[in-house]
Amino acid sequence: MTARLEMQLKNLALRQILAHYQEQATQAAQDRLPYEAYLARLVEMEAMDKLDRGLKAKLFKARFPFMKTIEEFDFTFQPNLNEKELLRLTSLEFVRQKENVLFLGPPGVGKTHLAIALGVKACMAKYRVLFIRTQNLLENLLIAYKTGKLGQTLLSFSRLDLIIMDELGYLPITTEQANLLFQLVSTRYEKGAIILTSNYGFERSFQLQNTKMCGYLSEIIRHY
């Protein structure tokens, strides 16, 4: 009977119940717990384990270069930041509403920290998140365009709940790259949220003659 039960638990991938059902049965007998309470203990252990594994999987898929939280951010170091407004973003309403957040500022003010912290919050809320350096993203889009896979690539990006595009403008961006970025942002419009960090304003970031393109992007990205 025990062997059959353990085989069934293995087949159902109920790892925590398999590992602890015997000891919990002994403890339940000592505590004179009813069967429902004993079962509830086991189910809670299994649920917590799956939640933990699910979060780890989402954090892994998000590809964060390092882990940061809002709680770790030193607002006293950046007194010009609107702490109340930034903390409001942790509600993730912008993700639910499929809106976008833009962090602009010089190096060292904590843009990437804040972006990652919001991304971690989103993972904890079971959203699908991807962190990517903007230059790497542009390279991927350009390769997809040249190999005839741009549509497929844009579709895969559109399925994410949140994309964090870090360091826009760190390197000069060509007109072709800007057009591809515009297609990505347009594809995700009202389908998913974006967090974008940049050291400069749009015109300086793109270094383009095409100011109309910068204007389009400025309209799509919502400033907080």
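Definitions and limits used
- Residues numbered from 1 in each chain as written.
- Predicted model: local features only at pLDDT ≥ 70, side-chain atom pairs only at ≥ 80, totals over all residues.
- Heavy atoms only, no water.
- Helix = DSSP H or I, 4+ residues; strand = E, 2+ residues; numbered from the N terminus.
- Buried < 20%, exposed > 50% of the residue type's maximum accessible area, 1.4 Å probe, protein only.
- Contact = heavy atoms within 4.5 Å.
- Areas by Shrake-Rupley, 256 points an atom, 1.4 Å probe, with all protein chains shown as cover.
- Axes fitted to C-alpha atoms, helices over the stretch in contact; angles between N-to-C directions.
- Nonpolar A, V, L, I, M, F, W, Y, C, P; charged D, E, K, R; others polar.
- Expected span 1.5 Å × (residues − 1).
- pLDDT = per-residue confidence, 0-100.
- Phe/Tyr/Trp six-rings, centres within 6.5 Å; stacked < 30°, edge-to-face > 60°.
- Parallel < 35°, antiparallel > 145°, perpendicular 65-115°, else oblique.

Engineer: Sorry if this is basic, but what is going on with the overall build of the chain here?
Structural biologist: Assigned secondary structure in the chain consists of 11 helices and 4 strands. The buried share of the chain, reckoned over its 224 residues, is 40%. Long-range pairs, those at least 24 residues apart, make up 77% of the contacts in the chain with a sequence separation of at least 6. Roughly 13400 Å² of accessible area belongs to the chain as shown, and the carbon and sulfur atoms make up 55% of that amount.

Engineer: It is not clear to me how the packing of helix α1 (residues 2–11) against helix α2 (residues 15–31) should be interpreted in this structure. Could you clarify?
Structural biologist: Describing two packed helices takes the angle between their axes plus the distance from one axis to the other. Between α1 and α2, the shortest axis-to-axis distance is 8 Å and the interhelical angle comes to 145°. Across the interface between the two elements, Thr2, Leu5, Glu6, Leu9 and Lys10 from α1 touch Ile17, Leu18, Tyr21 and Gln22 from α2. Considered class by class, the residues forming the contact of α1 with α2 number 5 nonpolar, 2 polar and 2 charged.

Engineer: Before we go on, may I ask you to explain unusual backbone geometry in this structure?
Structural biologist: Backbone phi values are negative for most residues with the exception of glycine, while trans is the configuration of most peptide bonds. One non-glycine residue with positive phi stands out, namely arginine 63, at about 65°. Its place among the elements puts arginine 63 in the loop between α3 (35–62) and α4 (83–89). Looking at arginine 63, the relative accessible area reads 60%, which means it is exposed.

Engineer: What is the right way to look at helix α6 (residues 111–124) in this model?
Structural biologist: Within an α-helix, residues lying three or four positions from one another point in the same direction, as the helix has 3.6 residues per turn. In this model α6 runs 20 Å from its N-terminal to its C-terminal C-alpha over 14 residues, within 8% of the 20 Å that 1.5 Å per residue would give. Burial runs high along α6: 12 of the 14 residues are buried. Where α6 terminates, the next one or two residues include lysine 126, which has phi positive at roughly 75°.

Engineer: Before we go on, may I ask you to explain the confidence of the model for the chain in this structure?
Structural biologist: Close inspection of predicted coordinates is inappropriate in any region flagged by low pLDDT. For the chain, mean pLDDT is 83; residues scoring 70 or higher make up 88% of the total. Within the model, the stretch residues 202–224 combines pLDDT values under 50 with 54 contacts to residues more than four positions away or in other chains.

Engineer: Just checking my understanding: could you explain the packing of aromatic side chains for this structure?
Structural biologist: One pair of aromatic rings is described through two measures. These are the centre distance and the angle between the planes. This structure, assessed with the given rule, holds 2 aromatic pairs. Taking the centre distance of 6.4 Å and the plane angle of 55° together, the rings of phenylalanine 64 and phenylalanine 131 count as tilted. Taken together, the positions of phenylalanine 64 in the loop between α3 and α4 and phenylalanine 131 in strand β2 (residues 129–133) put the pair 67 residues apart, joining distant regions of the chain. The class of phenylalanine 64 is buried, set by a relative accessible area of 12%. Look at phenylalanine 73 and phenylalanine 75: their rings are 4.9 Å apart centre to centre, the planes differ by 70°, and that puts the pair in the edge-to-face class.

Engineer: Could you clarify how one ought to interpret the packing of helix α7 (residues 134–146) against helix α8 (residues 150–158) in this entry?
Structural biologist: For the pair α7 and α8, interaxial distance at closest approach is 7 Å and the crossing angle is 140°. As judged from the angle between their axes, α7 and α8 are oblique. Residues Leu137, Leu141, Ala144 and Tyr145 of α7 touch α8, and the partners they reach there are Leu150, Thr153, Leu154 and Phe157. When its residues are assigned to classes, the contact of α7 with α8 shows 7 nonpolar, 1 polar and no charged.

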